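Residue-level listing of the chains:
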Amino acid sequence: MGGLFTIGYSAFAVEEFISVLVRYRINAVIDVRSQPYASDYYACYNKESIQAMLKRSGIRYLNYAKEFGARQTDLRYFSAEGYLDFELFSKSHGFLHGFNKLKKAMEERGYMIALMCAEKNPATCHRSIMVSRAFYDKGYEVSHILAGGSIEGQCDIEQQLLEEYFPDRRQLKLFDQQSTNELIVSAYKIQNAKIGYRIGGEGVHS
């Protein structure tokens, strides 16, 4: 059985990025950027460059822009407010195709997979709010690699969202686990609205 990680490359010099992947025995990087090219400052993370560097370390590189990219264009998956609805898109044929490919790679071939995007903070990136959430909801453990190489889980992301959007939740008289789960769902929706791609270029940049 393999495992699932995420990583934001802007937190690392490229040598450290490779070193961290090796440390966690990651042998496949799934690039979830819709446009797999970076600014001049991060040019080493352009598709061809990072693919070559990963290959030298025995790590596979695959781009899943169609399956998991934030900049989708099919308006069927956009909210009435004009941003990509992560929950809706995660039910699309393309997303589910990518999900099942990674599931098979982890379960049948033992791949240790890292979803790669640019953002340092996974809580503000679609890799966690859309992609890894779908895996977590299906029972997979997800580990987000932070600057310096430390790890936090998807449950930590959810707690951060709760603290940001519902800091007074403990004052609710009927607060229980059911209401916690409902607030988590609401927090994901709020974060989706905040970072979701909008036709015309607003929202996330991946």
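Keep in mind the model is a prediction, meaning the values are calculated, not measured. (Residues numbered from 1 in each chain as written. Predicted model: local features only at pLDDT ≥ 70, side-chain atom pairs only at ≥ 80, totals over all residues. Heavy atoms only, no water.)

S.K.: Could you give me a rundown of the overall build of the chain, with the residues and numbers involved?
M.R.: The helix and strand inventory of the chain stands at 8 helices and 6 strands. Listing every helix and strand of the chain by position from the N terminus yields β-α-β-α-β-α-α-α-β-α-β-β-α-α. What you see for the chain is a C-alpha radius of gyration of 17 Å, in line with the 17 Å of a compact globule of 206 residues. Dimensions along the principal axes, computed over C-alpha positions, put the chain at roughly 55 × 35 × 35 Å. Counting 25 positive and 24 negative side-chain charges, the chain places the averaged centre of each group 6 Å from the other. (Helix = DSSP H or I, 4+ residues; strand = E, 2+ residues; numbered from the N terminus. Rg over C-alpha atoms; globule rule 2.2 N^0.38 Å. Lys, Arg positive; Asp, Glu negative; His and termini not counted. Charge placed at Lys NZ, Arg CZ, Asp CG, Glu CD.)

S.K.: Quick one: what's the story with the packing of aromatic side chains, residue by residue and with numbers?
M.R.: Per the stated rule, a full pass over the model turns up 14 aromatic pairs. Considering the side-chain rings of F12 and F17, the 6.4 Å spacing of their centres and the 65° angle between planes classify their relative orientation as edge-to-face. Given a relative accessible area of 4%, F12 falls into the buried group. Site record: aromatic cluster; members linked through ring pairs are Y9, F12, F17, Y41, Y42 and Y45. Positioned over the ring face of Y188 is R133, at 4.0 Å from the centre of the ring. (Phe/Tyr/Trp six-rings, centres within 6.5 Å; stacked < 30°, edge-to-face > 60°. Buried < 20%, exposed > 50% of the residue type's maximum accessible area, 1.4 Å probe, protein only. Lys NZ or Arg CZ within 6 Å of the ring centre and 35° of its normal.)

S.K.: Could you give me a rundown of the side chain of S128, with the residues and numbers involved?
M.R.: When you line up the elements, S128 lands in helix α6 (residues 126–137). On the basis of relative accessible area, S128 is assigned to the buried category, the value being 0%.

S.K.: Tell me about the pattern of salt bridges, and please be specific about residues and values.
M.R.: One pass over the structure, following the stated rule, counts 7 salt bridges. Taking the shortest distance from any N to any O, the salt bridge between R76 and D74 comes out at 2.7 Å. Owing to a relative accessible area of 61%, R76 belongs among the exposed residues under this scheme. For D74, a relative accessible area of 29% gives the class partly exposed. Linking E164 and K194 is a salt bridge whose minimum nitrogen-to-oxygen distance equals 3.3 Å. Of this pair, E164 sits in helix α7 (residues 154–165) while K194 sits in helix α8 (residues 177–195), and the two are 30 residues apart along the sequence. For E164, a relative accessible area of 42% puts it in the partly exposed group. (Salt bridge = Lys/Arg side-chain N within 4 Å of Asp/Glu carboxyl O.)

S.K.: Which residues make up the nonpolar core, and what values go with them?
M.R.: Within the largest apolar cluster, 38 residues are counted, with the highest numbers of intra-cluster contacts made by I30, F68, F95, L102, I113 and F135. Listed by contribution, the elements that provide at least two residues to this core are β2 (28–31), α4 (86–89), α5 (93–109), β4 (112–117), α6, α7 and α8. For F135, the contacting residues outside a window of four places in its chain are L4, F68, F99, L102, K103, M106, Y140 and V142. (Core = buried A, V, L, I, M, F, W, Y, C linked by side-chain atoms within 4.5 Å. Contact = heavy atoms within 4.5 Å.)

S.K.: Before we move on, can you summarise α5 with the specific residues and values?
M.R.: Spanning 17 residues, α5 covers 23 Å between terminal C-alpha atoms, matching the ideal 24 Å at 1.5 Å per step. Within α5, the full set of buried residues consists of F95, G98, F99, L102, A105 and M106. For α5, the buried positions fall inside an angular range of 125° around the axis, keeping them on one side. Exposed residues lying more than 90 degrees from the buried face of α5 are H93, E108 and R109. Residues of α5 that are buried sit in contact with β1 (3–8), β2, α3 (65–68), α4, β4 and α6. The positive-phi residue at the C-terminal boundary of α5 is G110, with phi of around 70°. (Expected span 1.5 Å × (residues − 1). Arc of directions from axis to C-beta.)

S.K.: Now, about the pairing of strand β3 (residues 60–63): what can you tell me, with residues and values included?
M.R.: Two elements, β2 and β3, share 4 bridges in a ladder whose sense is parallel. Across the sheet, residue D31 finds its bridge partner in β3, namely N63. With helix α2 (residues 47–56) bridging β2 and its parallel neighbour β3, the resulting β-α-β unit is right-handed. (Pairing = 2+ DSSP bridges. Right-handed = clockwise from strand over helix to strand, strands pointing away.)

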